[in-house]
Amino acid sequence: MSIGAILIIGILFLEKIIYIQSAAIFLFSLAIIQVFALQYFLKNLLKNEVIKNNLKSRIDELKANLEEAEELADHKSIYLANMSYEVRTPLNTVLGMLNMLKQTDLDSDQEAQVEIAEYSSKHLLQLVSLVTSNAEVDAGNLTLNLLAMDLKSELSRLLKVFEYQAWEKGLEFEYKFLQEQKDNFLVLGDSAKIQQVLINLINNAIKFTNYGKISIIVDQTVGIDDEQIITFYIKDTGIGMRQEEVNNIFSNSVKSYTKSMMQDYRGGGIGLSISHQLVEHMGGELKLESKENEGSTFYFSLQLKKTLNLRTPEEVFSPVLLDKFNVLVAEDNRLNQKVIKFLLERQGAQCTFAKNGLEAVDLYKILDFDLIFMDIYMPDMDGYEATKFIKETDKYLVNNTPIIAVSASAFEEDISKAKLAGIDDFLAKPIEVAKLKELLIKHSNEQTSA
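Computed from a predicted structure; not experimentally measured.

Visitor: When you look at the overall build of the chain in this model, what are you seeing that I'm missing?
Guide: For the chain, the count of helices and strands is 15 helices and 12 strands. Here the chain, with 450 residues, has 41% of them falling under the buried criterion. About 25,800 Å² of surface is accessible on the chain, with carbon and sulfur atoms providing 56% of the total.

Here you go:
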């Protein structure tokens, strides 16, 4: 471009169109512009080189920090493993000596004291195992070890330890296993990981409960072909949580607890995100319902294979619904869908499922239903809002379809809110077959009368 400008000036000068003074001034100006342009180019080049060097230094620094963090994590794992070993060794000795002491002649008071010491030692052993197990999960070391297990037998021993822990804090503690009496079989599952989840959740339930009761329910009443759906409920009457805390609780369990909670309950809340990962890895979903100052309910379902079935002759079963009865079930959890489908179909109902409130409203508009089971807490649109929209439809004004709320925690606030939303009845999880039958008979008779 500069060469072209010089050639043009030269031609104009030779043709005597411009004079030598004008040509000189123009060439001088062009030279100055080139000097500034060159200076700007070199400056930018130098600046880019500096930026490039800074970026390279930053990348090298980040790599060094990452290597340091990985090395620190390795040291942490080694430390936890060593700590676990150092604590387990004397604890096993203590438990061995206590077991030997139990074999001697003790009076009733001494037997009680030894039993308390034994269960306290087992609780400490659980906590040590929990720390190392949680660290393994946090590091992403998740592999399932599926073995045949008798849940009632294995979990009874575990829950007995927590019974003493709750007793020390002045809390009621109950646990029950719901199962069909006619079935006697084992299931294939990872007992250690199931227990790890329960230890995390029950520890927190006791930690965050000052008075009242801790209830553990293991529901084994739903079997589908060669599969058994087992639902675990951990309920407490503790301090509970606000809705915003519930929404974030599994993403970062430690930060989700408020500062005052962590000060009052040192160590509380640890392990919830770990439990969430474990349940998800086993094919379930950990869920939570909570009310501030009323309590919390954690629950999850697992679908496990039956093994070593020993069935007694099955009793003659007759459903309570003899005529065709269509039911809409709004439930977002797939395993919970299987549970309620099994229970309803055994009673003669035909089920259609919606995975959220929005879908329930759309299905109600296009299909005919005799009854609606509405889960309270669902994504996109909850049960209360879905009920409101259903009741505003022209179809509802004509049919007046009964709506039954379903929730894992029948808090007074939930029941009152359900009534205000125009819900006809309330069914608590785990679903009691007798209560379900009662509601089906009641509302099927109402439909027949209508």
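Visitor: How do you make sense of unusual backbone geometry when you look at a structure like this?
Guide: Look at Asp-225: it is not a glycine, yet its phi comes out positive at around 55°. Looking at Asp-225, the relative accessible area reads 67%, which means it is exposed. Its identity is not glycine, yet Asn-400 carries a phi of approximately 50°, on the positive side. Here Asn-400 shows up in the loop between helix H13 (394-399) and strand E11 (403-407).

Visitor: What exactly am I supposed to notice about the packing of helix H11 (residues 357-366) against helix H12 (residues 383-391) here?
Guide: Contact geometry for H11 and H12: axes closest at 9 Å, N-to-C directions at 20°. On the basis of their axis angle, the class for H11 and H12 is roughly parallel. Between H11 and H12 lies a crossing of right-handed hand. Seen from H11, the contacting residues are Gly-357, Val-361 and Tyr-364; seen from H12, they are Ala-386, Phe-389 and Ile-390. For the contact of H11 with H12, the class distribution of residues is five nonpolar, one polar and no charged.

Visitor: What am I meant to see in a nonpolar patch on the surface here?
Guide: Judged by side-chain polarity, Leu-38, Phe-41, Leu-42 and Leu-45 come together as a nonpolar surface patch covering roughly 410 Å² of accessible area. Since its relative accessible area comes to 52%, Phe-41 is described here as exposed.

Calculation rules
- Residues numbered from 1 in each chain as written.
- Predicted model: local features only at pLDDT ≥ 70, side-chain atom pairs only at ≥ 80, totals over all residues.
- Heavy atoms only, no water.
- Helix = DSSP H or I, 4+ residues; strand = E, 2+ residues; numbered from the N terminus.
- Buried < 20%, exposed > 50% of the residue type's maximum accessible area, 1.4 Å probe, protein only.
- Areas by Shrake-Rupley, 256 points an atom, 1.4 Å probe, with all protein chains shown as cover.
- Axes fitted to C-alpha atoms, helices over the stretch in contact; angles between N-to-C directions.
- Parallel < 35°, antiparallel > 145°, perpendicular 65-115°, else oblique.
- Left-handed = near helix turned anticlockwise from the far one by under 90°.
- Contact = heavy atoms within 4.5 Å.
- Nonpolar A, V, L, I, M, F, W, Y, C, P; charged D, E, K, R; others polar.
- Patch = residues over 30% accessible without salt bridge, like charges linked within 9 Å, V, L, I, M, F, W, Y side chains within 5 Å.
- Salt bridge = Lys/Arg side-chain N within 4 Å of Asp/Glu carboxyl O.

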